Amino acid sequence: QVQLVESGGGLVQAGGSLRLSCAASGRASSSYVMAWFRQGPGKEREFAAGMTRNGGTVYADSVKGRFTISRDIAKNTVWLLMDSLKPEDTAVYYCAASRTYGVSRRPTDYDYWGQGTQVTVSS
């Protein structure tokens, strides 16, 4: 099992940047496919970015070129660097871990979730 704790959310103006952290405890996060999802007000949870066990990355079209997922294996931490933020990026952001082989965009394929961190982008 792995436990996930997100941090780093907050209020930022449009065009600004934030870096979210996902600290994993228990089993190493590199043993899982790791991903960031987000859920905006009144919306379904959606995939934002993911990383395979060997470090490959996948991004949703809506964040490609603006968001970067990365990890530090020694620190057992995964990050999401978010640049050029837009008001439509406002959401609760969740870190998730999956035992599947590749990066899935479906929330139901993820076995472990953090509690979420709020990101609010003002216009």
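**Comments concerning the pattern of salt bridges**
- Inspection of the entire model under this criterion finds six salt bridges.
- Its salt-bridge partner being D109, residue R106 comes within 2.8 Å of it at the nearest N-O pair.
- When its relative accessible area of 51% is taken as the criterion, R106 is described as exposed.
- A cluster of three or more residues bridged by salt bridges with shared partners is formed by R38, E46, R66 and D89.

**Things to note about the side chain of S98**
- By the element assignment, S98 lies in strand β9 (residues 91-98).
- Of note is the side chain of S98, whose polar atom sits 2.8 Å from the backbone oxygen of D109.
- In contact with S98, not counting residues within four places along its chain, are Y32, V33, R53, D109, Y110 and D111.

**Some points on the sheet that holds strand β3 (residues 18-26)**
- Spatial strand order, β1-β3-β8-β7: four strands in an open sheet with antiparallel pairing. Since the sheet does not close on itself, it has two edges, and those belong to β1 (2-7) and β7 (67-72), each with one partner. Each adjacent strand pair in this sheet contributes to an overall mean axis angle of 20 degrees, direction not counted.
- Sheet topology places β7 next to strand β8 (residues 77-82); six bridges connect them, and they run antiparallel.

**Re the state of the cysteines**
- This model, assessed by the stated rule, comprises one disulfide.
- Disulfide pairing places C22 opposite C95 at an S-S distance of 2.0 Å. Since a negative S-S torsion denotes a left-handed disulfide, the C22-C95 link at about -75 degrees is left-handed. Here the residue C22 occupies a position in strand β3, and C95 occupies one in strand β9, the gap between them amounting to 73 residues.
- Taking the relative accessible area as the measure of exposure, C95 reaches 0% and is therefore buried.

**Describing unusual backbone geometry**
- Within the chain, N76 stands out as a residue other than glycine whose phi angle is a positive 55 degrees.
- With respect to the element layout, N76 can be found in the loop between β7 and β8.
- On the basis of relative accessible area, N76 is assigned to the buried category, the value being 13%.
- The backbone of S84 shows a phi angle near 50 degrees, a positive value even though the residue is not glycine.

Analysis parameters
Residues numbered from 1 in each chain as written. Predicted model: local features only at pLDDT ≥ 70, side-chain atom pairs only at ≥ 80, totals over all residues. Heavy atoms only, no water. Salt bridge = Lys/Arg side-chain N within 4 Å of Asp/Glu carboxyl O. Buried < 20%, exposed > 50% of the residue type's maximum accessible area, 1.4 Å probe, protein only. Helix = DSSP H or I, 4+ residues; strand = E, 2+ residues; numbered from the N terminus. Polar contact = N/O pair within 3.5 Å; in protein donor to acceptor, adjacent residues only side chain to side chain. Contact = heavy atoms within 4.5 Å. Pairing = 2+ DSSP bridges. Axes fitted to C-alpha atoms, helices over the stretch in contact; angles between N-to-C directions. Disulfide = S-S within 2.5 Å.

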